[in-house]
Amino acid sequence: MKKTIYYFVLVSVIILSTAVSCKKPQAELEEELPTGENTMYCYIDEQLYIPEIGNTIPLVPAIYYSVCSDGISLNIGADDVVFHFENGIQQTGIITLNQSNYDTCWVLDNHAFYATTENVDGIMLTKLYYTHDGSGTVNITYLSENKRQFEGTFEMIVYHENTGVTKQITEGHFNINLDTL
């Protein structure tokens with residue numbers, strides 16, 4: 001009888017300790033996704049990406065925008081994921097991303113690119129990945145009357161400029177207010 005009780009207690013302790021050690025609080029399982037004005041996030045090859053100041057280029061704001069000199073083009077993004085909208089954001093709905101390059105102001109089309117850096121023998125090298133014709137979409141789900149606040153989702157496949165290696169960018173979200181960036 002003593003032996004049975006001993007085994008019962010031992011098995012119970014093992015089961016309880018295993019259950020407790022395997023279960024993590026919800027906060028540890030998932031990083032909190034940003035919400036609210038001037039936020040952006042996506043998954044790059046299934047890894048969560050949230051813009052932070054200077055991800056690729058030191059001191060660059062987490063999210064920023066610029067208007068190209070022709071007065072038509074609008075660039076938004078973080079220093080790693082950048083979108084170029086030829087005519088800005090004009091309406092809700094799907095925008096197809098086309099061929100891009102790093103010089104966003106001179107390409108007259110809607111496109112995006114992804115830049116990442118890696119340390120190679122003590123030298124920081126930037127790798128650039130570009131959208132190709134039809135390799136991605138942006139869905140504008142909200143657009144203010146003055147067209148300066150917009151929300152949307154995005155997904156794309158981007159291609160390395162020389163090797164053809166691809167990165168999958170999925171489940172992207174943004175909420176932009178150009179007046180407060």
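Structure first, text after, so check above.
Residues numbered from 1 in each chain as written. Predicted model: local features only at pLDDT ≥ 70, side-chain atom pairs only at ≥ 80, totals over all residues. Heavy atoms only, no water.

A short note on the overall build of the protein chain
Piece 1. A tally of helices and strands in the protein chain yields two helices and eleven strands.
Piece 2. Helices and strands appear in the protein chain in the N-to-C order α-α-β-β-β-β-β-β-β-β-β-β-β.
Piece 3. Here the protein chain holds 181 residues, and the buried ones make up 34% of them.
Piece 4. Taking as baseline every contact in the protein chain between residues at least 6 positions apart, the subset at least 24 positions apart corresponds to 51%.
Piece 5. As displayed, the protein chain has an accessible area near 11,100 Å², and 54% of this comes from carbon and sulfur atoms. (Helix = DSSP H or I, 4+ residues; strand = E, 2+ residues; numbered from the N terminus. Buried < 20%, exposed > 50% of the residue type's maximum accessible area, 1.4 Å probe, protein only. Contact = heavy atoms within 4.5 Å. Areas by Shrake-Rupley, 256 points an atom, 1.4 Å probe, with all protein chains shown as cover.)

Quick word on the pairing of strand β8 (residues 123-130)
Piece 1. Pairing geometry for strand β7 (residues 111-120) and β8, over eight bridges, is antiparallel. Paired with Thr 117 across the bridge in β8 is Thr 126. (Pairing = 2+ DSSP bridges.)

Remarks on the side chain of Ser 135
Piece 1. Take Ser 135: it is sitting in the loop between β8 and β9 (136-143).
Piece 2. Judged by relative accessible area, which is 13%, Ser 135 ranks as buried.

A closer look at the packing of aromatic side chains
Piece 1. A complete count under the given rule lists seven aromatic pairs for this structure.
Piece 2. Ring geometry for Phe 83 and Phe 154: centres 4.8 Å apart, planes at 75 degrees, overall edge-to-face. Of this pair, Phe 83 sits in strand β5 (residues 81-85) while Phe 154 sits in strand β10 (residues 149-160); the two residues are 71 residues apart in sequence, bridging distant segments of the chain. Across the pair, Phe 154 and Phe 83 agree in class, each one buried.
Piece 3. Taken together, a centroid distance of 6.2 Å and an interplanar angle of 50 degrees make the contact between Phe 83 and Phe 174 tilted. Here Phe 83 is found in strand β5, whereas its partner Phe 174 is found in strand β11 (residues 166-177), with 91 residues between them in sequence. (Phe/Tyr/Trp six-rings, centres within 6.5 Å; stacked < 30°, edge-to-face > 60°.)

Focus on the pattern of salt bridges
Oppositely charged side chains may form a pair once their charged atoms are brought near each other.
Piece 1. In this structure the tally under the stated criterion is two salt bridges.
Piece 2. One salt bridge in this structure joins Asp 45 and Lys 167, with 3.5 Å as the shortest N-O distance. On the criterion of sequence distance, the pair formed by Asp 45 in the loop between β1 (39-44) and β2 (47-49) and Lys 167 in strand β11 is long-range, its members being 122 residues apart.
Piece 3. The partner of Asp 179 in a salt bridge is Arg 148, and the shortest N-O contact between them spans 2.6 Å. You can see Asp 179 sitting in the segment after β11 and its partner Arg 148 sitting in the loop between β9 and β10, a full 31 residues away along the chain.
Piece 4. Judged by relative accessible area, which is 45%, Asp 179 ranks as partly exposed.
Piece 5. Residue Arg 148 is classed as partly exposed on the basis of its relative accessible area of 27%. (Salt bridge = Lys/Arg side-chain N within 4 Å of Asp/Glu carboxyl O.)

Observations concerning the nonpolar core
Piece 1. Counting residues in hydrophobic clusters, the biggest one holds 26 residues, and the most contacted among them are Val 81, Phe 83, Val 138, Phe 150, Phe 154 and Met 156.
Piece 2. Elements with a contribution of two residues or more to this core: β1, β5, β6 (93-97), β7, β9, β10 and β11.
Piece 3. With four residues, the top contributor of residues to this core is β10.
Piece 4. Ignoring anything within four residues of it in the chain, the contact list for Val 81 reads Met 40, Cys 42, Ile 44, Tyr 49, Ile 76, Phe 113, Tyr 114 and Met 156.
Piece 5. Judged by nonpolar contacts, the second largest core, of five residues, contains Val 82, Phe 113, Ala 115 and Leu 128. (Core = buried A, V, L, I, M, F, W, Y, C linked by side-chain atoms within 4.5 Å.)

Brief notes about unusual backbone geometry
Piece 1. Non-glycine residue Asn 38 carries a positive phi angle of around 55 degrees.
Piece 2. By secondary structure assignment, the location of Asn 38 is in the loop between α2 (26-29) and β1.
Piece 3. When its relative accessible area of 18% is taken as the criterion, Asn 38 is described as buried.
Piece 4. Phi is positive for Asp 45, close to 50 degrees, though the residue is something other than glycine.

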